[in-house]
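# Observations on the three-dimensional arrangement
Here's the letter readout for the chains.
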Amino acid sequence: MSAVPQSPTIPVTNLTYSSRIAERRAATPPPGLRRVVIVGGGSAGWMAAMLLAQAMIPRGIEITVLESPTVGIIGVGEGSTPWLRGFFEQLGIEESEWMPDCNATYKCGITFDNWSTRPGFESYFHPFASMLDNLTMGHFVHNAQARVNGLDVHAHPNRYFISTRLAEGGLAPKPARNFPFDIWYGYHFDAVLIGQFLHKKAVERGVKYKSCHVADVKLAENGDIASVTTKDSETISADLFVDCTGFQGLLIQKALATPYVSFANNLFNDAAVAMPTPIVDKIPSQTISTAMRHGWRWKIPLTNRFGNGYVYSSQSCSADEAERELRESIGMLDSPTEARHLKMKIGRVTKHWNRNCLAVGLSQGFIEPLEATALLFIQRTVSTFVDVFEAGDFGEKARDAFNEKLNVHFEGTRDYIVTHYKTNTRTDTEYWKANAANPDISEALKQLYATWMSGRSLVPDIGRQAIGRGYPVCSWYCIMAGMGIFPEGGKLRPASGEHATEMAEIDNLLDRSALNFRDQRELLAAIPPRATEPSLQVYFW
Ligand SMILES: Cc1cc2nc3c(=O)[nH]c(=O)nc-3n(C[C@H](O)[C@H](O)[C@H](O)COP(=O)(O)OP(=O)(O)OC[C@H]3O[C@@H](n4cnc5c(N)ncnc54)[C@H](O)[C@@H]3O)c2cc1C
């Protein structure tokens, strides 16, 4: 293939959240931390319990999870980012152990259908880009910029990434032996089963569990949380409380009155309706996100069913209308299967760690599930907290730095999600027109769009700004190019003859590489143990 144009787009490194733990083991944990109480037994509660247990139980700190027998978990959340792979690796849990228990499948990325009406760009794939893509990524970025600058080169992202080839073929992202590249991937799984799996594991690892409803939260004179009182009048005290009570934020929001920043002005969706459909023979290895009249619909393959859901704005349509549109689109109009309706609160608390309370999961905030980022926030929050714990400093400065870091992640991710809506060209409903016309976007986003339209590289902007803490450069190029934000076809200058040769070389490389991968169902039937895999390769944020 011709020389790769220089572009610092996807630096690859062996970094996981767990990579530095060994170095810090010697540090003294903060004094006075003997007892941790986690309120809530959803995904957030059990993921937090597992990560905290790994760091704290060996130091004699007791961890207890309290879970209400009457308030259920949210029970949705079936897609992940590739970081979840690092979560299980860090805990030493093999895919061959957890995936079958959770009806899990492999995920190569997300297809976005019908978000753009620009000819040739009605559908694009947001890949989990990998080491192999370093060979083609430079060409993609170079060509995307050339097209913005008026040259008729191929700049749709689908042609440049191995994950896209795998998803198109329903292949799993695990290469056969001797394939020299590690392919990045995420998972799909059953949200209820993953909670049950982690519950079982956490208890095995020494976490205590109590089924009880917290009826009251008592504050100490200094404003910290002193204890929680259960419905049966038992008082439970702790040095650190972890709020995993879901959207209500019983401790962080209700008891401590931590201010909340709503994102409703630029992310309009606040409700969802979900229902399953039967799985097909050839299990896909991607999520499909299809734009609907008042929002979008997910289709997520598990080993035993598809999860489907319509995320919409209740300002634009009623729950009944949304359910009908969902049923129609998935062929379930006359089916007796019941749909589940959910409300969502979009935004974040200002302090994820306030006094002696750490908020994790929906209690700390939620950006709608378009890119399936919520479990990543849980993982990031707890892992970053463990970093502070391992460093032995629970002072105000450490707390402020922790909160700042998470807020930047939230804002950067929000801006990426907003871009899906802001760049849409649909005109079928007021909902889509209002999204495209919405002036209420961050300054960082305005600058990024201006840079793109000027034909300059996004790389320096993304590297410099907080916006790059949400999504890497590769993802920004995929969304801007995938939505087709280029001069119209008739206004483009013809490309040179070399361009066609270059594209044929890229096709050849990716097609040949894809031959190394197996069908998803075949692989799921016999997930190989981790020992045969190379080390995890992930992006540097
Ligand atoms: C429509 C939708 C789609 C989503 N899709 C994705 C996705 O694809 N990927 C992703 O990563 N995330 C997704 N999410 C988010 C994901 O579901 C959540 O982030 C995740 O499940 C964590 O939820 P949680 O544990 O914070 O809250 P919950 O699941 O609501 O758990 C709350 C827990 O608190 C307990 N509790 C509540 N009150 C009390 C009390 N008084 N006393 C004791 N216990 C109490 C409950 O019993 C429960 O155990 C989605 C969310 C929605 C709404």
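Calculation notes
Residues numbered from 1 in each chain as written. Predicted model: local features only at pLDDT ≥ 70, side-chain atom pairs only at ≥ 80, totals over all residues. Heavy atoms only, no water. Core = buried A, V, L, I, M, F, W, Y, C linked by side-chain atoms within 4.5 Å. Buried < 20%, exposed > 50% of the residue type's maximum accessible area, 1.4 Å probe, protein only. Helix = DSSP H or I, 4+ residues; strand = E, 2+ residues; numbered from the N terminus. Contact = heavy atoms within 4.5 Å. Pairing = 2+ DSSP bridges. Axes fitted to C-alpha atoms, helices over the stretch in contact; angles between N-to-C directions. Salt bridge = Lys/Arg side-chain N within 4 Å of Asp/Glu carboxyl O. Parallel < 35°, antiparallel > 145°, perpendicular 65-115°, else oblique. Left-handed = near helix turned anticlockwise from the far one by under 90°. Nonpolar A, V, L, I, M, F, W, Y, C, P; charged D, E, K, R; others polar. Near = heavy atom within 4 Å. Polar contact = N/O pair within 3.5 Å; in protein donor to acceptor, adjacent residues only side chain to side chain. Areas by Shrake-Rupley, 256 points an atom, 1.4 Å probe, with all protein chains shown as cover. Phe/Tyr/Trp six-rings, centres within 6.5 Å; stacked < 30°, edge-to-face > 60°. Lys NZ or Arg CZ within 6 Å of the ring centre and 35° of its normal.

Grouped burial of nonpolar side chains is what soluble globular proteins tend to show. In terms of nonpolar packing, the biggest core is built from 76 residues, with Trp 115, Phe 140, Tyr 421, Trp 452, Trp 476 and Tyr 477 touching the most fellow members. With eight residues, helix H15 (residues 473-482) is the largest single contributor of residues to this core. Residues within four places of Tyr 477 in sequence aside, it is in contact with Phe 140, Val 141, Ala 144, Gln 145, Trp 452, Ser 457, Leu 458, Val 459 and Gly 482. The next biggest cluster of nonpolar side chains, apart from the first, holds 56 residues, and it includes Val 36, Ala 55, Ala 172 and Leu 523.

The subject of this paragraph is the pairing of strand E5 (residues 109-113). Burial within E5 is extensive, with four of its five residues counted as buried. In the sheet, E5 pairs with strand E6 (residues 123-127) via five bridges, with the strands oriented antiparallel. In the strand pairing of E6, Thr 111 is matched with Phe 125. Here four bridges tie E5 to strand E17 (residues 287-291), and the two strands are oriented parallel to one another. The residue of E17 that forms the bridge with Asp 113 is Thr 290.

Turning to the sheet that holds strand E13 (residues 235-237), a few remarks are in order. Taken together, the three strands give an open sheet; going across it, the order is E11-E12-E13, and neighbouring strands pair in antiparallel fashion. Strand pairing shows two members of the sheet lacking a second neighbour, strand E11 (214-219) and E13, which therefore form its edges. For this sheet, the mean angle separating the axes of adjacent strands, direction not counted, is 25°.

Okay, the pattern of salt bridges next. Counted according to the given criterion, the structure contains 26 salt bridges. Between Arg 35 and Glu 62 there is a salt bridge whose closest N-O contact spans 2.7 Å. With Arg 35 in strand E2 (residues 35-39) and Glu 62 in strand E3 (residues 62-67), this residue pair connects regions lying 27 residues apart in the sequence. Residue classification places Arg 35 among the partly exposed residues on the basis of a relative accessible area of 25%. The closest approach of N and O atoms between Lys 218 and Asp 216, which form a salt bridge, is 2.7 Å. In this structure Asp 216 comes out as partly exposed when scored by relative accessible area, which is 34%. Shared partners join several salt bridges into a network, and the residues in it are Arg 159, Arg 165, Asp 507 and Asp 511.

Once that is clear, we can look at the packing of helix H3 (residues 83-91) against helix H10 (residues 374-391). Packing of H3 against H10 leaves a shortest axis separation of 9 Å and a crossing angle of 50°. As summarised for this structure, H3 and H10 are arranged oblique, according to the angle between their axes. The chirality of how H3 crosses H10 is left-handed. In contact with Trp 83, Leu 84, Gly 86, Phe 87 and Gln 90 of H3, H10 contributes Leu 376, Gln 379 and Ser 383. Split into classes, the residues belonging to the contact of H3 with H10 amount to four nonpolar, four polar and no charged.

Here we take up the site of the ligand. Of all residues adjacent to the ligand, which total 35 residues, the nearest are Val 71, Val 76, Gly 79, Val 214 and Gln 248. Within the backbone of Glu 78, an N or O atom sits 3.5 Å from an oxygen atom of the ligand. A distance of 3.4 Å is found between an oxygen atom of the ligand and a backbone nitrogen or oxygen belonging to Ala 374. Relative to its unbound accessible area of 1,000 Å², the ligand is 97% covered by the protein chains. Those elements that provide at least two residues to the shell around the ligand are helix H2 (43-56) and H10. By residue class, the composition of the shell around the ligand is 20 nonpolar, 13 polar and two charged.

For the rest of this paragraph, the subject is the sheet that holds E2. Taken in spatial order, the six strands of this open sheet run E10-E3-E2-E14-E23-E22, and their pairing is mixed. On the outer flanks of this sheet lie strand E10 (208-211) and strand E22 (353-354), each paired with one strand and no other. Here four bridges tie E3 to E10, and the two strands are oriented parallel to one another. Residue pairing for E10: Glu 67 is matched across the bridge by Ser 211. Here H10 sits on the sheet in contact with strand E14 (240-243), E22 and strand E23 (357-359), set at roughly 145° to E23.

Within this structure, the stated rule accounts for 32 aromatic pairs. Between Phe 121 and Phe 486, the aromatic rings sit 5.7 Å apart at their centres with planes inclined by 50°, giving tilted as the arrangement. Residue Phe 121 is located in the loop between E5 and E6, and its partner Phe 486 is located in the loop between H15 and strand E25 (493-494); the two are separated by 365 residues in the primary sequence. In this structure, Phe 121 and Phe 486 share a single accessibility class: buried. The interplanar angle of 90° and the centroid separation of 5.0 Å between the aromatic rings of Tyr 416 and Trp 476 together place this pair among those described as edge-to-face. Here Tyr 416, found in helix H11 (residues 396-422), pairs with Trp 476, found in helix H15; they are 60 residues apart in sequence, far enough to count as distant. Here the two residues Tyr 416 and Trp 476 agree in accessibility, since each one is buried. Members of the aromatic cluster, joined through ring pairs, are Phe 87, Phe 88, Trp 98, Tyr 106, Tyr 185 and Tyr 187. The ring of Phe 486 carries the charged tip of Arg 147 above its face, separated from the ring centre by 5.6 Å.

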